[in-house]
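Each chain, letter by letter, is given below.
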Amino acid sequence: MADSRATVVRIRFEGEGHADAADAFLVQYADGGLEDAIEERLDGQGFAVLETDFDMDGRVVIVSVEDQREGLGEDDADDD
């Protein structure tokens with residue numbers, strides 16, 4: 001069963017060294033550099049980043065957000 005409060009986005013690394021590049025991407029996220037840039041860009045589009053987490057072994061990044069755009073967020077409209 002899919003989680004109606006979550007959306008999965010996949011990033012696929014292809015080509016020579018793809019596994020090492022994927023690991024490097026996660027390290028860049030985990031060390032704070034990439035995480036900060038993502039938070040800043042989402043904030044600029046009206047989404048507050050509430051929490052972030054990652055799993056290096058599972059190659060998973062989790063970003064919890066709150067919609068702060070004008071009016072109701074898409075998920076909030078169904079709560080009535």
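Refer to the structure above for everything that follows.
This one's a predicted model, so the numbers in the text were calculated from it and none came from an experiment. (Residues numbered from 1 in each chain as written. Predicted model: local features only at pLDDT ≥ 70, side-chain atom pairs only at ≥ 80, totals over all residues. Heavy atoms only, no water.)

Student: Before we go on, may I ask you to explain the pairing of strand β2 (residues 60-67) in this structure?
Tutor: Side-chain direction in a regular strand flips from residue to residue, so the side chains alternate between the two faces of the sheet. Bridging between strand β1 (residues 47-55) and β2 involves eight bridges; their strand directions are antiparallel. Paired with D55 across the bridge in β2 is V60. The turn joining β1 and β2, which pair antiparallel and follow one another in sequence, is formed by four residues; a positive phi near 55 degrees is taken by R59. (Pairing = 2+ DSSP bridges. Helix = DSSP H or I, 4+ residues; strand = E, 2+ residues; numbered from the N terminus.)

Student: Explain a negative patch on the surface to me, please; I cannot follow it from the model alone.
Tutor: Residues D31, D36, E40 and D43 make up a contiguous surface patch of negative charge. Counting through the fold element by element, E40 comes out in helix α2 (residues 33-44). The exposure class of E40 is exposed, given its relative accessible area of 62%. (Patch = residues over 30% accessible without salt bridge, like charges linked within 9 Å, V, L, I, M, F, W, Y side chains within 5 Å. Areas by Shrake-Rupley, 256 points an atom, 1.4 Å probe, with all protein chains shown as cover. Salt bridge = Lys/Arg side-chain N within 4 Å of Asp/Glu carboxyl O. Lys, Arg positive; Asp, Glu negative; His and termini not counted. Charge placed at Lys NZ, Arg CZ, Asp CG, Glu CD. Buried < 20%, exposed > 50% of the residue type's maximum accessible area, 1.4 Å probe, protein only.)

Student: In this structure, what is going on with α2? I would like to understand it.
Tutor: Think of an α-helix as 3.6 residues a turn; residues three or four steps apart then line up on the same face. The end-to-end C-alpha distance of α2 is 17 Å, a good match for the 16 Å that twelve residues give at a rise of 1.5 Å each. Once α2 finishes, G46 follows within two positions and takes phi at roughly 95 degrees, a positive value. (Expected span 1.5 Å × (residues − 1).)

Student: What should I look at first to understand a nonpolar patch on the surface in this one?
Tutor: On the surface, a cluster of nonpolar side chains totalling about 420 Å² of accessible area is made up of V27, F54, M56, V61, V63 and V65. Top element by residues in the nonpolar patch is β2. It accounts for three residues.

Student: Would you explain the pattern of salt bridges in this entry?
Tutor: Pairing between side chains of opposite charge can happen when their charged atoms approach one another. Per the stated rule, a full pass over the model turns up three salt bridges. For D23, the salt bridge identified is with R59, shortest N-O distance 2.9 Å. Of this pair, D23 sits in helix α1 (residues 18-30) while R59 sits in the loop between β1 and β2, placing them 36 residues apart in sequence. A relative accessible area of 44% means that R59 is categorised as partly exposed. The salt bridge involving D67 is made with R69; its shortest N-O contact spans 2.6 Å.

Student: Would you mind going over α1 with me for this structure?
Tutor: The terminal C-alpha atoms of α1 lie 18 Å apart, and with 13 residues this matches the ideal 18 Å at 1.5 Å per residue to within 8%. Taken as a whole, α1 has its buried residues at A22, L26 and Y29. What you see down the axis of α1 is that its buried residues fit within an arc of 60 degrees, all on one side. Considering only its buried residues, α1 is in contact with α2, β1 and β2. (Arc of directions from axis to C-beta. Contact = heavy atoms within 4.5 Å.)

Student: Looking at this structure, how should I read the environment of E51?
Tutor: The topology assignment puts E51 in strand β1. For the pair formed by E51 and V65, sequence separation is 14 residues and the distance between their alpha carbons is 7.2 Å. Not counting residues up to four positions away in its chain, the partners in contact with E51 are I62, V63 and S64.

Everything listed here is a matter of coordinates, which is why it stays silent on function.
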